[in-house]
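# Breakdown of the fold
Here is how the chains run, residue by residue.
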Amino acid sequence: REREKERERGRERGGGKRTHTQPDPPTPTTVGMAEASKALQEVLLAEDSYLQEVLLEEAARLADALVRDRFYALAEASPVAVEDVTSFLDQPKHLLDRLNIPAPLRPLALPLTLPGEVARAVSPLVVKSSEDEAVLTAARAIYDQFTQAAAENEGEGGGGGGGVGSVLSSPQLSE
């Protein structure tokens, strides 16, 4: 029964004739891309590769910079200053200090003081640094190079959709 269905599908597609299409002959671009891909796989798959360490460190720096950049953008969009929020959330802790609550009883007030602790821990993430700017600028330049190369590759008929450009499309990097 399955074979009958397969034959029927084959007839619908090819009119019952068996046709064989030849793959496109390799071009210098596809050969070069295959060689580059193979070399990159050999380098990245090797254990204890210096390149892997550098890429991992830079990826971590980029992730940190992106998180701080998004927190900074969120804080700038907020109508209330981060310092005001932190100060407000610290009020329960200051109240406990003024009332001289003994240390063994302070954990009972944790639901009141925890938001202030979290706000103090997050507030350094809202600061924009020159190092973060440098990392984001370098990442944007690399992103632009990849998208330009992908667009040129697609323009040469190098594939439709799902290429490097679609993988690297990131609103954070393309600003």
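If you're wondering where the values come from, they're calculated on a predicted model, not measured in any experiment.

Reading guide: rules and limits
- Residues numbered from 1 in each chain as written.
- Predicted model: local features only at pLDDT ≥ 70, side-chain atom pairs only at ≥ 80, totals over all residues.
- Heavy atoms only, no water.
- Helix = DSSP H or I, 4+ residues; strand = E, 2+ residues; numbered from the N terminus.
- Buried < 20%, exposed > 50% of the residue type's maximum accessible area, 1.4 Å probe, protein only.
- Contact = heavy atoms within 4.5 Å.
- Areas by Shrake-Rupley, 256 points an atom, 1.4 Å probe, with all protein chains shown as cover.
- pLDDT = per-residue confidence, 0-100.
- Polar contact = N/O pair within 3.5 Å; in protein donor to acceptor, adjacent residues only side chain to side chain.

The next point concerns the overall build of the chain. Within the chain one finds eight helices and zero strands. Secondary structure elements of the chain, listed N to C terminal, follow the sequence α-α-α-α-α-α-α-α. Within the chain, buried positions represent 13% of all 175 residues. When contacts within the chain are restricted to residue pairs at least 6 apart in sequence, long-range pairs at least 24 apart make up 66% of them. When the accessible area of the chain is evaluated, it comes to approximately 13,800 Å², of which 60% is carbon and sulfur surface.

Per-residue pLDDT for the chain averages 75, and the proportion of residues at 70 or more is 70%. At the level of individual helices and strands, the chain shows its lowest average pLDDT in helix α8 (residues 164-168), which scores 40, and its highest in helix α7 (residues 130-155), which scores 87. Predicted confidence is poor over residues 158-170, with pLDDT under 50, and the contacts of this stretch with residues over four places away or in other chains come to twelve contacts.

Our focus in this paragraph is the environment of Thr113. With respect to the helices and strands, the residue Thr113 is situated in helix α6 (residues 110-122). If sequence neighbours within four positions are ignored, Thr113 has contacts with Pro92, Lys93 and Leu96.

A few words on the side chain of Asp132. Note that Asp132 resides in helix α7. Within the local environment of Asp132, its side chain forms a polar contact with the side chain of Arg68, the two groups lying 2.6 Å apart. Beyond its immediate chain neighbours, meaning those up to four positions away, Asp132 contacts Ala65, Arg68 and Val127.

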